[in-house]
2 protein chains.
Amino acid sequence: MAAQRLVVIGGDAAGMSAASQARRFRTPDELEIVAFERGHFASYSACGIPYWIGGQVAGRDKLIARTPEEHRARGIDLRMRTEVMEIDPDRGRVRTRDLESGTEEWTGWDRLVIATGARPVRPPIPGIGAPGVHGVQNLDDGQSLLTTLDALGPAGGRRRAVVVGAGYIGVEMAEALLHHGFEVTVLNRGEQPMATLDPDMGRLVHTAMDGLGITTVNRAEVTAVRTGDDGRVRAVATAAAEYPADVVVLGIGVAPETTLARAAGLPTGEYGGLLTDLSMRVRGRDAIWAGGDCVEVLDLVSGRDRHIPLGTHANKHGQIIGANIGGGYGTFPGVVGTAVSKVCDLEIARTGLREKDATAAGLQYVTATVESTSRAGYYPDASVMTVKILAERGTGRLLGLQIVGREGAAKRVDVAAVALTAGMTVERMTMLDLGYAPPFSPVWDPVLVAARKAVRAVTAAG
Amino acid sequence: MAAQRLVVIGGDAAGMSAASQARRFRTPDELEIVAFERGHFASYSACGIPYWIGGQVAGRDKLIARTPEEHRARGIDLRMRTEVMEIDPDRGRVRTRDLESGTEEWTGWDRLVIATGARPVRPPIPGIGAPGVHGVQNLDDGQSLLTTLDALGPAGGRRRAVVVGAGYIGVEMAEALLHHGFEVTVLNRGEQPMATLDPDMGRLVHTAMDGLGITTVNRAEVTAVRTGDDGRVRAVATAAAEYPADVVVLGIGVAPETTLARAAGLPTGEYGGLLTDLSMRVRGRDAIWAGGDCVEVLDLVSGRDRHIPLGTHANKHGQIIGANIGGGYGTFPGVVGTAVSKVCDLEIARTGLREKDATAAGLQYVTATVESTSRAGYYPDASVMTVKILAERGTGRLLGLQIVGREGAAKRVDVAAVALTAGMTVERMTMLDLGYAPPFSPVWDPVLVAARKAVRAVTAAG
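None of these values were measured; they are calculated from a predicted model. Each chain has its residues counted from 1, following the order in which its sequence is written. Chains carry letters from A onward and ligands carry numbers from 1 onward, assigned in written order. For this predicted model, a pLDDT threshold of at least 70 governs which residues receive local features, and a threshold of 80 or more governs which side-chain atom pairs are given and counted, while totals over whole chains, interfaces and linings are taken from all residues. As a convention, hydrogens and water are excluded, and side-chain values are obtained from all of the structure's heavy atoms.

Points about the interface of chain B and chain A
Contacts between the two partners involve 63 residues from chain B, matched on the other side by 63 residues from chain A. As used here, buried area is the combined drop in accessible area, with a 1.4 Å probe, of two parts when they are placed together. Here chain B meets chain A over a buried area of about 5,200 Å², counting both sides, of which 65% is carbon and sulfur. The largest contributions to the chain B side of the interface with chain A come from Tyr378(B), Asp433(B) and Phe440(B), which together make up 15% of the buried area. A pairing counts as a salt bridge when a side-chain nitrogen of Lys or Arg comes within 4 Å of a carboxyl oxygen of Asp or Glu. Taken together, the links from chain B to chain A amount to two salt bridges. For Asp445(A), the salt bridge is made with Lys411(B), and the minimal N-O distance between the two is 2.7 Å. In the analysis that follows, any N or O atom pair within 3.5 Å is treated as a polar contact, provided that within protein one partner can donate a hydrogen and the other can accept it, and provided that, for residues neighboring in sequence, both atoms belong to side chains. At the boundary of chain B with chain A, the tally comes to 22 residue pairs in polar contact (both at pLDDT 80 or more). Those elements that place two or more of their residues in the side of chain B that touches chain A are helix 8 (311-326), strand 21 (339-343), helix 10 (413-421), helix 11 (426-430) and helix 12 (446-461) of chain B. Per-element accounting of the side of chain B that touches chain A gives the leading share, seven residues, to helix 8 of chain B. Contacts between residues were defined by any pair of non-hydrogen atoms, one from each residue, lying within 4.5 Å. For helices the rule is a DSSP run of H or I covering at least 4 residues; for strands it is a run of E covering at least 2, with both sets numbered from the N terminus onward.

Below, the structure written as structure tokens:
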């Protein structure tokens with residue numbers, strides 16, 4: 001059998017997982033694997049950047065799961081600093097440019113994996129490109145931000161940071177900057193921080209961030225970044241006020257990077273992400289797969305496609321793609337929208353639908369919110385957490401769950417994630433056989449306490 | 001409507017939960033509630049006793065969820081130190097004895113709840129009744145043990161404790177005695193400590209306990225408790241050796257306390273526990289319910305009845321019983337056998353079937369064991385945990401999961417508990433949307449890593 005060639009566009013989680021998994025199934029004689037990465041790094045944990053910046057992770061290299069050399073040693077021809085400029089699906093080839101030499105060439109493929117990831121949203125506001133304004137999308141961004149922080153001198157003097165955006169990256173970067181001794185202001189466009197939660201739960205995050213010494217300004221639309229005579233950032237302006245800043249970090253989300261794919265006529269969805277079937281094959285294409293931050297995924301609760309850029313999904317996609325290309329099989333059934341995060345000792349978690357998602361999906365729902373503790377109330381370090389639950393009116397089917405608390409709070413969301421996957425009702429949830437011992441849980445786990453209250457709400461709503 | 005009377009036998013978790021829940025549905029005018037408790041305490045957390053002994057919980061009263069006075073204030077006529085001597089189901093009455101005065105009387109009921117709990121197993125070995133030998137079943141036991149420990153003088157001198165039994169209570173008491181400065185030896189009849197785990201996982205517990213300075217002796221059948229001239233305990237003897245002991249703690253399990261119920265002709269099962277239907281009504285009886293440590297429960301994985309004395313089940317039973325008696329409805333669907341525990345910083349968890357349970361149930365299975373970490377590998381304090389998974393051969397259905405690790409390990413078992421409840425396959429589990437962020441999990445949660453390996457084992461087994 002003549003060797004076939006697999007080309008992978010993008011050397012991070014989805015792309016390199018796909019390549020590695022395909023390699024487990026196929027020898028280099030059976031399947032040549034060529035991967036193109038335009039950046040300086042492959043297979044790194046972007047999710048870890050805030051902790052590297054914050055100093056909990058000792059250095060950039062710790063975030064690199066596998067070096068290019070390690071990939072090459074496993075029979076994957078990973079070409080760094082090589083950008084794919086064009087996909088030609090009809091002739092089965094890609095045009096690449098070596099970013100060092102500028103040389104362009106065509107490379108043919110029998111199978112193609114598109115794992116181009118996401119690009120940060122950068123609103124077109126004056127001054128956003130000024131020195132001292134930083135994204136935190138990749139390791140180069142992180143290194144650049146660290147250089148800026150170091151140049152601003154040691155802690156002690158008054159140094160001010162403004163974070164634009166109060167989602168996961170925003171709040172994680174607020175913590176990181178706090179660790180660097182900065183006064184931190186978070187400018188949030190929404191009603192409350194963490195728009196992935198309902199506003200009533202976001203309000204708890206706001207209060208807790210206040211307690212940590214992080215100033216959060218809600219309904220703050222940034223209109224300009226002000227610079228000084230030296231051209232460096234001095235402040236961030238909103239319609240209402242100006243916030244002095246020695247450094248600005250942008251944490252305002254990302255959009256699927258599908259420029260190449262769209263130019264090649266591949267189908268994208270409502271959020272601009274590539275559309276695939278459950279095997280992660282691009283819809284309508286036999287030999288092209290896509291995964292990671294550049295695709296949309298099926299939300300199993302609402303039945304709609306969503307864009308959820310998250311390393312854990314990217315790794316799963318890569319796993320499925322590699323198995324299918326290698327001659328095994330697998331499907332990615334979809335997501336329920338689980339996410340966890342923390343700001344210092346505050347833990348935040350969500351899964352399933354928020355109130356506005358349920359409404360948008362045409363579902364009638366009830367909510368229940370409870371306070372409970374991470375351990376038996378009498379056990380040392382039992383901490384209070386708030387759990388909010390959404391259930392479908394009438395059927396009692398679980399629709400979503402959100403948690404804001406301290407140590408031991410966030411990962412409890414996994415119980416709801418599995419229950420959502422199984423289509424469980426809140427009534428069934430109340431009797432779940434969850435692990436109980438005083439150091440780990442009250443006799444009724446907080447998730448069960450919330451489910452019990454939700455049952456009463458479902459019953460009362462009729 | 002004339003008031004009906006509910007009589008509850010047993011004033012702890014199941015009984016008082018049933019009473020409280022029934023009271024939520026019915027006023028005292030509609031339903032009189034009388035509860036009999038032969039001990040000095042009601043509604044306390046027996047699970048918390050090891051932590052009270054160990055000093056993490058400040059005092060006995062912290063373990064009392066609700067005092068008799070609080071119950072009475074809510075319209076429950078709780079009579080302490082009153083033992084039920086006989087159930088007369090034909091005439092709908094119980095004979096009670098006031099343990100202070102010795103007075104006996106009959107009390108009629110329209111509805112009866114049996115929540116008589118469990119009694120500790122006390123093997124008939126010489127010396128087991130000697131001063132210095134303690135059970136830890138109830139608060140009186142705990143107080144008595146604390147008195148002994150205090151009398152043995154302050155830490156510093158050499159003081160030796162022997163714990164008989166290496167199950168949950170045994171290992172938790174080993175930790176408690178360690179906190180008191182004792183040299184602790186655990187005598188374990190089985191092959192490895194924690195017989196609720198497979199022996200290969202129990203071996204990890206053994207090694208970790210060694211590391212904590214707790215000596216565990218396996219295959220040690222106690223033959224006698226040796227006493228000194230003063231009649232107090234001096235040593236514990238096995239067939240092979242003698243272990244010096246200033247104090248002995250018995251942690252050798254419990255059996256359902258169903259003496260009264262059996263005398264009344266009520267049905268009991270293989271483990272001596274009362275048999276109920278899913279509404280927790282005693283089988284074949286219209287007006288008698290039973291719950292807590294005195295009943296057998298349906299194991300949803302094996303389809304067999306089991307005896308699992310655990311406060312979290314007792315509370316759920318009480319909830320269901322109270323709702324059904326009060327005029328609401330509810331069912332207790334069964335358990336999957338989840339349990340969590342810890343010894344110092346070692347966390348132990350299990351759910352579903354062990355290898356020997358699967359064999360006994362006539363199931364063919366494969367196993368997979370992995371090591372993974374509680375957080376992203378690069379994140380501070382990421383700790384190693386071992387996860388073992390059992391899946392049905394052929395179908396890949398999850399059968400059980402066990403975890404031994406450190407902080408953040410045990411409660412991950414809940415994911416498997418919900419997956420077992422839903423009858424999920426290990427293949428489906430690999431794609432579960434569990435919470436991921438570096439402080440909380442590697443990009444593949446340890447449970448998913450185990451599921452992935454189990455899929456390969458299922459495939460390889462054909």
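That was the structure; now back to the text.
Here's the deal with the relation of the copies chain B and chain A
Between the two copies of this chain, the relationship is a rotation about some axis together with a displacement along it. When the copies are superposed, the least-squares fit draws on C-alpha atoms of residues that have pLDDT of at least 70 in both. Aligned on chain A, chain B shows an RMSD of 0.0 Å; the corresponding rotation is 180 degrees and the shift along the axis is 0.0 Å. The relationship between the two copies is best expressed as a two-fold rotation axis. Of all interface residues in chain B, 100% are interface residues in chain A too; the two copies therefore contact each other through one and the same surface.

A look at unusual backbone geometry
Phi at Met280(A) is positive, roughly 75 degrees, even though this residue is not glycine. Structurally, the position occupied by Met280(A) is in the loop between helix 7 (259-263) and strand 18 (288-290). Even without glycine at this site, Asp381(B) takes up a positive phi of about 65 degrees. Note on placement: Asp381(B) falls in the loop between strand 23 (365-373) and strand 24 (384-392).

Things to note about a nonpolar patch on the surface
Each patch is built from residues lacking any salt bridge and having more than 30% relative accessible area; the joining distance is 9 Å for like charges and 5 Å for nonpolar side chains (Val, Leu, Ile, Met, Phe, Trp, Tyr). A 1.4 Å probe and the Shrake-Rupley method give the accessible areas. Residues count as covered only by the protein chains that appear here. Together, Leu278(A), Leu298(A) and Leu300(A) give the surface a local cluster of nonpolar side chains, amounting to about 210 Å² of exposed area. On the secondary structure map, Leu298(A) appears in strand 19 (residues 297-298).

Regarding the environment of Arg93(A)
All names here are of chain A. Within the fold, arginine 93 resides in strand 5 (residues 93-98). Sequence separation of arginine 93 and arginine 111 is 18 residues, and the distance between their C-alpha atoms is 9.6 Å. With residues up to four places along the chain from it excluded, the contact list for arginine 93 reads Glu86, Ile87, Asp88, Trp106, Thr107, Gly108 and Trp109.

Thoughts on the sheet that holds strand 9 (residues 133-134) of chain B
All names here are of chain B. Spatially, five strands are ordered 9-16-10-11-12 in an open sheet, and the strand pairing comes out parallel. Every other strand in the sheet has two partners, leaving strand 9 and strand 12 (214-217) as the edge strands with one partner each. The rule for pairing is simple: two strands pair if DSSP sees at least two bridges between them. Of the pairings in the sheet, the one linking strand 10 (residues 160-164) to strand 16 (residues 247-250) comprises four bridges and is parallel in character. What sits directly across from valine 162, in strand 16, is valine 248. Axis definition: a line fit to C-alpha positions, over the contact stretch in the case of helices; interaxial angles, taken between N-to-C directions, run 0 to 180 degrees. With respect to the sheet, helix 6 (residues 199-211) is in contact with strand 11 (183-187) and strand 12, its orientation differing from that of strand 12 by roughly 145 degrees.

Comments concerning the nonpolar core
The criterion is simple. A nonpolar core is a set of buried Ala, Val, Leu, Ile, Met, Phe, Trp, Tyr and Cys residues joined through side-chain atoms within 4.5 Å. Throughout this description, buried means an accessible area under 20% of the type-specific maximum (1.4 Å probe, protein chains only), exposed means over 50%, and partly exposed covers the range between. Membership of the largest hydrophobic core comes to 184 residues, with the highest contact counts inside it found for Ile114(A) and Ile114(B). Once residues within four sequence positions are removed from consideration, Ile114(A) is found in contact with Ile9(A), Ile87(A), Ala261(A), Leu266(A), Leu274(A), Ile288(A), Trp289(A), Ala290(A), Gly291(A) and Cys294(A).

As for the domain arrangement of chain A
All names here are of chain A. An automatic or database domain assignment provides the domain bounds reported here. If you check the domain split of chain A, you get domain 1 (4-119 + 255-326), domain 2 (133-252) and domain 3 (339-461). Just the C-alpha atoms count here: the centres of domain 1 and domain 2 sit 30 Å apart. With 16 residues of domain 1 at the contact, the number on the domain 2 side is 16 residues. Of the roughly 1,300 Å² buried at the junction of domain 1 and domain 2 (both faces included), carbon and sulfur atoms supply 64%. Together, Pro50, Trp52 and Ile53 form the three largest contributors to the area buried by domain 1 at its contact with domain 2, with a combined 40%. Put simply, domain 1 and domain 2 have zero salt bridges between them. Linking domain 1 to domain 2 there are four residue pairs in polar contact (both at pLDDT 80 or more). When contributions to the side of domain 1 that touches domain 2 are tallied by element, the ones reaching two or more residues are helix 2 (49-54) and strand 8 (118-120). Taken together, the residues that form the side of domain 1 that touches domain 2 break down as 11 nonpolar, three polar and two charged. Residue polarity follows a fixed list, in which Ala, Val, Leu, Ile, Met, Phe, Trp, Tyr, Cys and Pro are nonpolar, Asp, Glu, Lys and Arg are charged, and the others, Gly among them, are polar.

Topic: a positive patch on the surface
Counting rule applied: Lys, Arg positive; Asp, Glu negative; His and chain ends not counted. Here the site of a charge means atom NZ of a Lys, CZ of an Arg, CG of an Asp or CD of a Glu. There is a patch of like positive charges on the surface, built from Arg24(A), Arg74(A), Lys453(B) and Arg456(B). Inspection of the secondary structure assignment puts Arg456(B) in helix 12. Look at Arg456(B) and you get exposed, because its relative accessible area is 53%.

Notes on the UniProt feature "domain: Pyridine nucleotide-disulphide oxidoreductase dimerisation" (unreviewed entry) in chain A
Using the residue numbers shown here, the UniProt feature "domain: Pyridine nucleotide-disulphide oxidoreductase dimerisation" (unreviewed entry) corresponds to residues 341-443 of chain A. Along residues 341-443 of chain A, the helical share is 19% and the strand share 35%, with 26 Å between the first and last C-alpha atoms. UniProt positions are given in the numbering used here, feature names are shortened, and annotations may be inferred rather than shown by experiment.

Digging into the packing of aromatic side chains
Residues and elements named next belong to chain A. Classification of ring pairs rests on two measures: the distance between centres of Phe, Tyr or Trp rings, Trp counted by its six-membered ring, which must be within 6.5 Å, and the angle between planes, read as stacked under 30 degrees, edge-to-face over 60 and tilted in between. Using the criterion set out here, one finds two aromatic pairs over all chains in the structure. For a Lys NZ or an Arg CZ to count as sitting over a ring, it must be within 6 Å of the ring centre and within 35 degrees of the ring normal. Here the guanidinium or amino end of arginine 159 rests over the ring plane of phenylalanine 182, the centre of that ring lying 4.2 Å away. Sitting over the ring of tryptophan 444, arginine 452 keeps its end group 4.0 Å from the ring centre.

Let's talk about the state of the cysteines
Residues and elements named next belong to chain A. In this description, a disulfide is simply a cysteine sulfur pair whose atoms lie within 2.5 Å. One pass over the structure, following the stated rule, counts zero disulfides over all chains. Cysteine 47 takes part in no disulfide bond, and the closest cysteine sulfur, belonging to cysteine 294, lies 16 Å away. Cysteine cysteine 344 remains unbridged, with the sulfur of cysteine 47 as its closest cysteine sulfur at 19 Å.

Some details on the sheet that holds strand 16 (residues 247-250) of chain A
All names here are of chain A. Sheet architecture is open: five strands sit in the order 9-16-10-11-12, paired in parallel fashion. In the strand order of this sheet, the two ends are held by strand 9 (133-134) and strand 12 (214-217), each with one partner. Relative to strand 16, strand 9 runs parallel, the two sharing two bridges. Counted as the bridge partner of valine 133 is valine 248 from strand 16.

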